[in-house]
There are 2 protein chains.
Amino acid sequence: MAPTAETHANDHTVRSFDAELDRLSNTVVRAGGLVEAQLAAALQALVKRDAALAAEVSAKDNEVDALDQEIQDHAVRLLALRQPVAEDLRHIVGALRIAGDLERIGDYAANVARRSLVVNQSPPVKAITALARMARLAQEIVKDVLDAYVERDVDRAIVVWRRDEELDALHTSLFQELVSYMMEDSRNITACSHLMFIAKNLERIGDHATNIAETVHYLALGRPLRAARPKGAEVPTEPSSGPESPT
Amino acid sequence: MAPTAETHANDHTVRSFDAELDRLSNTVVRAGGLVEAQLAAALQALVKRDAALAAEVSAKDNEVDALDQEIQDHAVRLLALRQPVAEDLRHIVGALRIAGDLERIGDYAANVARRSLVVNQSPPVKAITALARMARLAQEIVKDVLDAYVERDVDRAIVVWRRDEELDALHTSLFQELVSYMMEDSRNITACSHLMFIAKNLERIGDHATNIAETVHYLALGRPLRAARPKGAEVPTEPSSGPESPT
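Residues numbered from 1 in each chain as written. Chains lettered and ligands numbered in written order. Predicted model: local features only at pLDDT ≥ 70, side-chain atom pairs only at ≥ 80, totals over all residues. Heavy atoms only, no water.

Named according to an unreviewed UniProt entry, chain A is Phosphate-specific transport system accessory protein PhoU originating from Roseospira marina.

Undergrad: Looking at this model, I keep getting lost on the pattern of salt bridges. Mind explaining?
TA: Pairs can form between side chains of opposite charge whenever their charged atoms are close. Overall, the coordinates contain 22 salt bridges over all chains when judged by the stated rule. The salt bridge involving B:Lys143 is made with B:Asp147; its shortest N-O contact spans 2.7 Å. With B:Lys143 and B:Asp147 both in helix α4 (residues 128-151) and four residues apart, the pair spans about one turn of that helix. A relative accessible area of 39% means that B:Lys143 is categorised as partly exposed. Take B:Asp147: its relative accessible area is 22%, and that puts it in the partly exposed class. A salt bridge links B:Arg163 to B:Glu166; the nearest nitrogen and oxygen atoms lie 3.2 Å apart. On the criterion of helical spacing, the pair formed by B:Arg163 and B:Glu166 is a turn pair, its members being three residues apart in helix α5 (residues 154-184). One network of salt bridges, with partners in common, ties together A:Lys143, A:Asp144, A:Asp147 and A:Arg156. (Salt bridge = Lys/Arg side-chain N within 4 Å of Asp/Glu carboxyl O. Helix = DSSP H or I, 4+ residues; strand = E, 2+ residues; numbered from the N terminus. Buried < 20%, exposed > 50% of the residue type's maximum accessible area, 1.4 Å probe, protein only.)

Undergrad: What is the right way to look at unusual backbone geometry in this model?
TA: If a residue is not glycine, its phi is most likely negative; likewise, a peptide bond is most likely trans. Residue and element names in this part refer to chain B. Here the phi dihedral of arginine 49 falls at roughly 55 degrees; this positive angle occurs in a residue that is not glycine. Relative to the helices and strands, arginine 49 is located in the loop between α1 (5-47) and α2 (51-82). Positioned with a positive phi, arginine 152 is a non-glycine residue whose angle comes to about 50 degrees. Turning to its location among the elements, arginine 152 is positioned in the loop between α4 and α5.

Undergrad: Explain the packing of α2(B) against helix α3 (residues 86-119) of chain B here, please?
TA: When two helices pack together, their arrangement is given by the angle between the helix axes and the distance between those axes. All names here are of chain B. Their axes nearest at 9 Å, the elements α2 and α3 cross at an angle of 165 degrees. When the interaxial angle is binned, α2 and α3 end up roughly antiparallel. α2 and α3 meet at a crossing whose hand is left-handed. Looking at side-chain class alone, the contact of α2 with α3 contains 18 nonpolar, five polar and six charged residues. (Axes fitted to C-alpha atoms, helices over the stretch in contact; angles between N-to-C directions. Parallel < 35°, antiparallel > 145°, perpendicular 65-115°, else oblique. Left-handed = near helix turned anticlockwise from the far one by under 90°. Nonpolar A, V, L, I, M, F, W, Y, C, P; charged D, E, K, R; others polar.)

Undergrad: Can you help me understand the packing of helix α3 (residues 86-119) of chain A against helix α6 (residues 189-221) of chain A in this one?
TA: Residue and element names in this part refer to chain A. For the pair α3 and α6, interaxial distance at closest approach is 9 Å and the crossing angle is 165 degrees. With respect to α6, the axis of α3 lies roughly antiparallel. The element α3 and its partner α6 pack so that their crossing is left-handed. In the contact of α3 with α6, the residues fall into 20 nonpolar, nine polar and six charged.

Undergrad: Got a minute to help me understand the environment of B:Leu219 in this structure?
TA: Residue and element names in this part refer to chain B. In this structure, leucine 219 sits in helix α6 (residues 189-221). Residues leucine 219 and leucine 89 lie 130 residues apart in sequence; the distance between their C-alpha atoms is 9.3 Å. Setting aside residues no more than four positions away along its own chain, leucine 219 makes contact with Arg90, His91, Gly94, Tyr149 and Arg152. (Contact = heavy atoms within 4.5 Å.)

Structure representation (structure tokens):
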């Protein structure tokens, strides 16, 4: 059948909608890249005791917030103007959700940077090594889940989702380690208190990466990833604070 | 003009859509009531050292999560089937956002309950009084913002939004108080570490109430509440951790 004027117009609308959806995804990927860089810089500021870098990370959090706002506005505009259904709707709702998670990861990274300024007013504590291990894992998880989003790779998303357990285990043991340093020497108390919150931030970053993994699953398959949640079912977002393991 | 069959059908569609929107709002209000009750019970468990109540709050967090999921599913269904615009679209997007914030407040309440079990294995620390004051304020803020949502009362939402500053100030001074108790006597360290996280949870609850206040503003007026954010602009969600006041 030869194309009519009408099918031409529809083709055009469909193409321009696809381009809008791609633009939305690209902004999400851009926000993801920025958040990864912020997290890496925050952790470097902590480990290298680099106050200038910490200040830079703190200041740059605005950029993450601005990208999140851009995604929210764009998504709501697309919902209103295009009234999408099925996969396109999931595409937009997924971008909204992931943007929210990235914004929170960015906040936690900025908070790590700010706390590093206080921690580094005290002499170094040994726990920094265990914290660095936890930090590396958090960074890997964030990187992997963003790759899974770009590739719409459900298997990779599920791997991330499961690895969050490792991060929770590291967090629990680090908490105990910090308590014992505080007990050993009261001059460690202020620094270790902030290190506890830094560790908690990393653990929360893992939870948000897990949320993103679930969104990638929903985006690709249209149904939620809920079967075998690796954490205790009753403590989905504060996993290390259950009655059994209340750190 | 006499009603035609078509206007009858439209009336019916409009009425049934309105009923759906009301049902969505009602579920949000129901989730709000449950979260308020969870927070009150968690704080009572802490202050009265009531382990049975703490366990009950922890178990009931599932109900909050289920309501959140119900709202998310209903909202996405309405977006897909009704393709709403303007005020109706804001109504649905607003419900989605508020449900997310309530789910987080519920998580923080459950976490307070769980941590109270550990805190209450140690002898009482004096800081409980200051914490109770912070808790009362957090409860008031949550109650007020839910009332503002029910009434679509923008002025009341703005009052909540400003009061979050008080909560942040209480949090900062409580953190210092807890550090000094830990330094005084190392037997306080474990309990005080958990009290620090409980205080932080209350402070975060205030941030989520602030988010809800912003959503009420957006729902009612169709534009964001951003003018004179009471907190330091660069630390919107971790306010008490800025370089000036890094608790």
